[in-house]
Amino acid sequence: MSNNDIFRSLRYTFDINDFLMIEIFGLAGQEVDRPTVSNWLKKDDDEDFKPLYDKDLAAFLNGFIILKRGKKDGNDPVNEKSLSNNQVLRKLKIALSLIDEDMLKMLKAVNFRLSKHELSAFFRNPTQSQYRDCKDQVLRNFLKGLQVTYRPS
């Protein structure tokens, strides 16, 4: 699943306009302009399409956390240079103050079955034996579940 797909999905789900997107990046200490955001949102086959790199998606997700939860005391969050699906899932969980049951309910809403133990394996330390990589299918279904929950149509 590409970063641009995740970005487009979150924009649609939470009905975020370009100006709020720019503000969200600013909360994480990254300045972007409207044409850049617009090019990230374009379809992959559009000639103006620009790929959204991990560091940019990390900045957006960190800004989204600050928008939803408020600024944390101490140092500003560091925008990661690379992101895994596990990290994206964790950042969304934090931003939306979700507990495991909420996440499982969202997945169930799109007919995707996952046990609580399977879900918790995504949030473990990668060095732990119970750690599991979050595959694109899980993240895609979670984003669909967010859409069903936060933007029912």
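Look up a bit, the structure's there.
Residues numbered from 1 in each chain as written. Predicted model: local features only at pLDDT ≥ 70, side-chain atom pairs only at ≥ 80, totals over all residues. Heavy atoms only, no water.

A. A look at the packing of aromatic side chains. Under the criterion given, the structure shown has eight aromatic pairs. Summarising the aromatic geometry, the rings of phenylalanine 60 and phenylalanine 64 are spaced 6.1 Å apart at their centres and angled 15 degrees between planes, so their arrangement reads as stacked. With phenylalanine 60 and phenylalanine 64 both in helix H4 (residues 54-69) and four residues apart, the pair spans about one turn of that helix. For the residue pair phenylalanine 60 and phenylalanine 64, the accessibility class agrees, reading buried in each case. Against the face of phenylalanine 123 rests lysine 93, its NZ or CZ located 4.3 Å from the ring centre. Looking at arginine 151, its charged tip hangs above the ring of tyrosine 12, at a distance of 4.0 Å from the centre. (Phe/Tyr/Trp six-rings, centres within 6.5 Å; stacked < 30°, edge-to-face > 60°. Helix = DSSP H or I, 4+ residues; strand = E, 2+ residues; numbered from the N terminus. Buried < 20%, exposed > 50% of the residue type's maximum accessible area, 1.4 Å probe, protein only. Lys NZ or Arg CZ within 6 Å of the ring centre and 35° of its normal.)

B. Focus on the nonpolar core. The biggest cluster of nonpolar side chains holds 44 residues, and the ones touching the most others in it are Phe7, Leu10, Phe60, Leu92 and Phe142. Those elements that provide at least two residues to this core are helix H1 (3-13), helix H2 (18-27), helix H3 (34-41), H4, helix H5 (85-95), helix H6 (100-109) and helix H8 (136-150). With seven residues, H4 is the single largest residue contributor to this core. Leaving out residues up to four positions away in the same chain, phenylalanine 7 has contacts with Met21, Phe25, Val37, Trp40, Leu41, Leu52 and Phe60. (Core = buried A, V, L, I, M, F, W, Y, C linked by side-chain atoms within 4.5 Å. Contact = heavy atoms within 4.5 Å.)

C. Region of the structure containing the side chain of lysine 91. Relative to the elements of secondary structure, lysine 91 occurs in helix H5. Residue lysine 91 is classed as buried on the basis of its relative accessible area of 10%. Polar side-chain contacts of lysine 91 include one of 2.5 Å to the side chain of asparagine 62. Excluding residues within four positions of it along the chain, lysine 91 makes contact with Leu61, Asn62, Ile65, Glu80 and Leu83. (Polar contact = N/O pair within 3.5 Å; in protein donor to acceptor, adjacent residues only side chain to side chain.)

These results come straight from atomic positions and should not be treated as a statement about function.
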